[in-house]
Amino acid sequence: MFEKILENVRQKSPLIHCITNYVTVNDCANMLLACGASPIMADDLEEAAEITGICQGLNINIGTLNHNTILSMLAAGKEANRRGHPVVLDPVGAGASRLRTETAFRLMKEIRFKVIRGNISEIKTLASGSGTTRGVDADVADGVTEDTLKETATFVRKFAAQSGGVVAVTGAVDIVADKERVFCIRNGHPMMGAVTGTGCQLSALTAAFVTANPDTPLEAAAAAVCAMGLCGQTGQKRMGERDGNASYRNYIIDAMYRLTPEELKEGADYEVF
Amino acid sequence: MFEKILENVRQKSPLIHCITNYVTVNDCANMLLACGASPIMADDLEEAAEITGICQGLNINIGTLNHNTILSMLAAGKEANRRGHPVVLDPVGAGASRLRTETAFRLMKEIRFKVIRGNISEIKTLASGSGTTRGVDADVADGVTEDTLKETATFVRKFAAQSGGVVAVTGAVDIVADKERVFCIRNGHPMMGAVTGTGCQLSALTAAFVTANPDTPLEAAAAAVCAMGLCGQTGQKRMGERDGNASYRNYIIDAMYRLTPEELKEGADYEVF
Amino acid sequence: MFEKILENVRQKSPLIHCITNYVTVNDCANMLLACGASPIMADDLEEAAEITGICQGLNINIGTLNHNTILSMLAAGKEANRRGHPVVLDPVGAGASRLRTETAFRLMKEIRFKVIRGNISEIKTLASGSGTTRGVDADVADGVTEDTLKETATFVRKFAAQSGGVVAVTGAVDIVADKERVFCIRNGHPMMGAVTGTGCQLSALTAAFVTANPDTPLEAAAAAVCAMGLCGQTGQKRMGERDGNASYRNYIIDAMYRLTPEELKEGADYEVF
């Protein structure tokens, strides 16, 4: 199934509107191109909804949000909902400031998201108003590990039911769930945390996968998470003894450019509850 | 002649003020450094015209424009005109939203551009108010191919006459024209479309080339298009079997850093009508 | 001592709030990760001070400043002062526009900086209101060379005394001083000037080093300058014949990721007056 999902991305080449932070935006654009999709970035209120209208999917990422772009996120999200386009939310740093937390809440209230993707502390913040965010990385104590897996899976499934969409929590183990089923994914490599924006890139990728596979959002989101993790593994195998996180950043995107549907099928490491 | 044009860029090292999008801005800065020029980015209205004043050329790119930066583009453009500095316009996404189309029109009305560089659908939008823009890439149906070449060349030459400067349309074949002559350029590689911002980089590069060669803007713009395309070819030859669009991005800029005037002269693949 | 300073960065992994330009922000984030620290970027006034509060250090860089982010810089800087967090200032382009110069003055007046890091013309502008800035690079005539070293060292020490913190002037030779002592550093490679943002990265790095070593800000800043220069040297040795400034950018960050405390101790090339 993941094979077909990636084929659809490559064949349909969905145009994805991204309202995203300026830290990792270039990598998000190149990651979308690497998977076969096309990016367009636009965040002024005067054009946000209109740009959404010419796209097939929308990716909202609240890193480096500001009072102007928040309005654009809302306008674009509503337009995407009106048109039935899938919308992905990446609540970067929710829990780290009131502005981010409240913006994430407001976005969830006013927009229906097909997928919400974050680390465990961001998702906990969205679910409960609690949680702590250490910068934009998951709080260590909150990490999803084998020990906390079952518990977290249940939590994510319940939050997905509440949100009405798919929720993806990424960490040492990734959990992707809708209200009924849970994908538990073991792709990825710890060194991905040393590259800024691998989470942002995954959210952009997820928007492309879900847009090209509108009838199977859970599987599409899980496939995106597997694909990103697999590219993290492939890229890591390529690391030479002088390579560090900058080269690794390139190798991950390169790996997505080269990833075949067959390799995704073979390499996807997951179980479904 | 292209040999001398690149030599002038390297020798004069023009300082180029860029008001450009935040998606590809880092690559534009490194591309300018690679060709021997120097970049400065500044987009607040309070300093835009003043920064233009300490530079030798100006590059205006409307990707991720907003209501603040539009005012800065206008102020900087007018200051550059007043001082006789060359100004390049990259109408990213003109046709994709009313804001971008109207901003491009307004810029063209209030500022004299030495060069306008875009894909065919953006340029058609500027020329006629029609045209469709698929994201920031040229609409496939609008692509410049061998079949549509003659027709497009005539169109570009006429639009150049109307705009009073040089117009560069890049695609499978690139056309660079003023009101009298047309350069038809066959450098480049299709994979350049898989790297975000190769068009933006070319516009920045064009600003450097035209600034360092003020008496021959048509030849300077054509040389920039040839140089960028040639670096796309050189970079592509360097691609290993695991390299993808992220490494390619680096290889293109690297190739510009290494490009000698002699190699540009040898590798430039064009005819003049 | 430098050995221990880098060890502290790796061990404490300080979270650094960066309010920085959008040109080089991604490289700053990856450089912080490379050295063992964590980045968070946030520049809206509604969250700036609050984000500062969850971090351990603050890095303010005025490249691509605007009327919104200036207010955020002031708010974040004051909050960092209130909490006793180290604050680094990178006065990018001070002297190039009234806005930048006046903003730098205002920041210096309202915020206590632990370290100010810039090129000689930026620092001269801060010190005297004079100086010329060519783009964001040091004016050639202002370059710190062996000939002007003694004179410059005295100037930097005096300005450090006046500012109440550490001042780092980077160029062909780097000078890092507080009111009493001067580190004169000969690490680095001329080609670093062909990569956009090596100065910005160094400022971010300095914030991490000073934050993790609060009792020895002079030594920590000097260690950061040595580490950055050493990575410039290591990265340069890795350059192949087709590599240019884009690959070099990656190699420098990679080198920081791989840099061991022992290598820093061995490779640091400095004298103290």
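Draft legend 1. Examining the pairing of strand 5 (residues 115–118) of chain C more closely. All names here are of chain C. Side chains Val115 and Arg117 project from strand 5 onto one buried face, and the interleaved Ile116 and Gly118 project onto a second face that is buried too. Where strand 4 (residues 87–90) meets strand 5, two bridges bridge the pair, whose relative direction is parallel. If you follow Val88 over to strand 5, its bridge partner there is Val115. The parallel pair strand 4 and strand 5, bridged by helix 5 (residues 98–110), forms a crossover whose chirality is right-handed. Where strand 5 lies against strand 8 (residues 166–169), four bridges are found, and the strand directions are parallel. Across the sheet, Arg117 pairs through a bridge with Ala168, a residue of strand 8.

Draft legend 2. Broad picture of the environment of A:Asn213. Residue and element names in this part refer to chain A. With respect to the helices and strands, Asn213 occurs in the loop between helix 8 (198–212) and helix 9 (217–237). The exposure class assigned to Asn213 is buried, which follows from its relative accessible area of 5%. Expressed as a C-alpha distance, the spacing of Asn213 and Arg186, which sit 27 residues apart in the sequence, is 22 Å. The contact partners of Asn213, leaving out residues within four places of it in the chain, are Lys4, Ile5, Asn8, Val9 and Ala220.

Draft legend 3. Quick peek at the interface of chain C and chain A. Across the boundary between the two partners, chain C contributes 32 residues, which contact 35 residues of chain A. The junction of chain C with chain A conceals about 2800 Å² of combined surface from both sides, 47% of it contributed by carbon and sulfur atoms. The tally of links between chain C and chain A comes to two salt bridges. One salt bridge connects A:Arg100 with C:Glu47, and the closest N-O pair in it is separated by 2.9 Å. The tally of links between chain C and chain A comes to 19 residue pairs in polar contact (both at pLDDT 80 or more).

Draft legend 4. Inspection of the relation of the copies chain C and chain A at higher detail. With an RMSD of 0.0 Å, the fit of chain C onto chain A corresponds to turning through 120 degrees and sliding 0.0 Å along the axis. Taken together, these values place the two copies in the relation of a three-fold axis. When C-alpha positions in chain C are compared against the rotation axis, the closest is assigned to C:Tyr22, at 3.6 Å. Of the residues that chain C buries at the interface, just 16% are likewise interface residues in chain A, meaning the two copies contact each other through different surfaces.

Draft legend 5. How the structure looks around helix 2 (residues 25–35) of chain B. All names here are of chain B. Most of helix 2 is tucked away, with 11 of its 11 residues classed as buried. Those residues of helix 2 that sit buried are Val25, Asn26, Asp27, Cys28, Ala29, Asn30, Met31, Leu32, Leu33, Ala34 and Cys35. Count one or two residues on from helix 2 and you reach Gly36, which has phi positive near 110 degrees.

Draft legend 6. Spatial organisation of the packing of helix 9 of chain A against helix 10 (residues 245–258) of chain A. Residue and element names in this part refer to chain A. Relative orientation of the contacting elements helix 9 and helix 10 amounts to 125 degrees, with a least axis distance of 8 Å. If you check the angle between helix 9 and helix 10, you find them oblique. The interaxial crossing formed by helix 9 with helix 10 has right-handed handedness. Two secondary-structure elements touch here, helix 9 through Ala227, Met228, Cys231, Gly232, Thr234, Gly235 and Gln236 and helix 10 through Tyr248, Tyr251, Ile252, Ala255 and Met256.

Draft legend 7. Structural context of unusual backbone geometry. At A:Ser13, a residue that is not glycine, the phi angle is positive and equals roughly 45 degrees. Positionally, A:Ser13 belongs in the loop between helix 1 (2–12) and strand 1 (15–19).

Draft legend 8. Representation of helix 3 (residues 45–54) of chain B in the model. The set of residues buried in helix 3 of chain B consists of B:Glu47, B:Ala48, B:Ile51, B:Thr52 and B:Gly53. Where helix 3 of chain B is buried, its residues touch strand 1 (15–19), strand 2 (38–41), strand 3 (57–61) and helix 4 (67–83) of chain B together with helix 5 of chain C.

Draft legend 9. Here's a closer look at the nonpolar core. Judged by nonpolar contacts, the single largest core of 255 residues is most densely connected at A:Val176, A:Phe209, B:Val176, B:Phe209, C:Val176 and C:Phe209. Among all residues touching C:Phe209, those that are not within four sequence positions of it are C:Ile5, C:Leu6, C:Val9, C:Cys35, C:Ala220, C:Ala223, C:Ala224 and C:Ala227. Ranked by size, the runner-up nonpolar core spans 36 residues in total, among them A:Ile62, A:Ala94, A:Val169 and A:Val182.

Draft legend 10. Just the relation of the copies chain B and chain A, in detail. Superposing chain B onto chain A requires a rotation of 120 degrees together with a translation of 0.0 Å along the rotation axis, leaving an RMSD of 0.0 Å. With a heterologous cut-off of 20% or less, the 12% of interface residues of chain B that recur at the interface of chain A puts this contact in the heterologous class.

Draft legend 11. Structural detail: the sheet that holds strand 4 (residues 87–90) of chain B. Residues and elements named next belong to chain B. If you walk across this open sheet you meet the nine strands as 2-1-3-4-5-8-9-10-11, and the pairing is mixed. The two strands at the open ends of the sheet, each matched to only one other strand, are strand 2 and strand 11 (270–272). In this sheet, adjacent strand axes meet at a mean angle of 20 degrees when their direction is disregarded. The strands touched by helix 2 are strand 1 and strand 2; relative to strand 2, the strand with the most contacts, the crossing angle is about 150 degrees.

Draft legend 12. Representation of the environment of A:Thr24 in the model. Residues and elements named next belong to chain A. Mapped onto the elements, Thr24 comes out in the loop between strand 1 and helix 2 (25–35). Residue Thr24 is classed as buried on the basis of its relative accessible area, which comes to 2%. For the pair Thr24 and Thr198, spaced 174 residues apart in sequence, the C-alpha to C-alpha distance is 8.5 Å.

Draft legend 13. Seen up close, the confidence of the model for chain A. Mean pLDDT over chain A works out to 94, with 95% of the residues at or above the 70 mark. Reported for the predicted complex are a pTM of 0.96 and an ipTM of 0.95.

Draft legend 14. The arrangement of a negative patch on the surface in detail. All names here are of chain A. Taken together, the side chains of Glu7, Glu262, Glu263 and Glu266 present a region of like negative charge at the surface. Looking at the element boundaries, Glu262 is found in helix 11 (residues 261–267). Judged by relative accessible area, which is 40%, Glu262 ranks as partly exposed.

Draft legend 15. Structural detail: the interface of chain B and chain A. Across the boundary between the two partners, chain B contributes 34 residues, which contact 31 residues of chain A. Inspection of the region where chain B meets chain A yields two salt bridges. At the boundary of chain B and chain A, one finds 19 residue pairs in polar contact (both at pLDDT 80 or more). Elements that contribute at least two residues to the side of chain B that touches chain A include exactly helix 5 (98–110), strand 6 (133–134) and helix 10 (245–258) of chain B. It is helix 10 of chain B that contributes the most residues to the side of chain B that touches chain A, five residues altogether.

Draft legend 16. Quick look at the packing of aromatic side chains. According to the stated counting rule, one finds nine aromatic pairs over all chains in the structure shown. Positioned above the aromatic ring of A:Phe273, the side-chain terminus of A:Lys150 is 5.9 Å from the ring centre.

What counts, and at which threshold
Residues numbered from 1 in each chain as written. Chains lettered and ligands numbered in written order. Predicted model: local features only at pLDDT ≥ 70, side-chain atom pairs only at ≥ 80, totals over all residues. Heavy atoms only, no water. Buried < 20%, exposed > 50% of the residue type's maximum accessible area, 1.4 Å probe, protein only. Helix = DSSP H or I, 4+ residues; strand = E, 2+ residues; numbered from the N terminus. Pairing = 2+ DSSP bridges. Right-handed = clockwise from strand over helix to strand, strands pointing away. Contact = heavy atoms within 4.5 Å. Buried area = accessible area lost by both parts, 1.4 Å probe. Salt bridge = Lys/Arg side-chain N within 4 Å of Asp/Glu carboxyl O. Polar contact = N/O pair within 3.5 Å; in protein donor to acceptor, adjacent residues only side chain to side chain. Least-squares fit on C-alpha atoms with pLDDT ≥ 70 in both. Axes fitted to C-alpha atoms, helices over the stretch in contact; angles between N-to-C directions. Parallel < 35°, antiparallel > 145°, perpendicular 65-115°, else oblique. Left-handed = near helix turned anticlockwise from the far one by under 90°. Core = buried A, V, L, I, M, F, W, Y, C linked by side-chain atoms within 4.5 Å. pLDDT = per-residue confidence, 0-100. Patch = residues over 30% accessible without salt bridge, like charges linked within 9 Å, V, L, I, M, F, W, Y side chains within 5 Å. Areas by Shrake-Rupley, 256 points an atom, 1.4 Å probe, with all protein chains shown as cover. Lys, Arg positive; Asp, Glu negative; His and termini not counted. Charge placed at Lys NZ, Arg CZ, Asp CG, Glu CD. Phe/Tyr/Trp six-rings, centres within 6.5 Å; stacked < 30°, edge-to-face > 60°. Lys NZ or Arg CZ within 6 Å of the ring centre and 35° of its normal.

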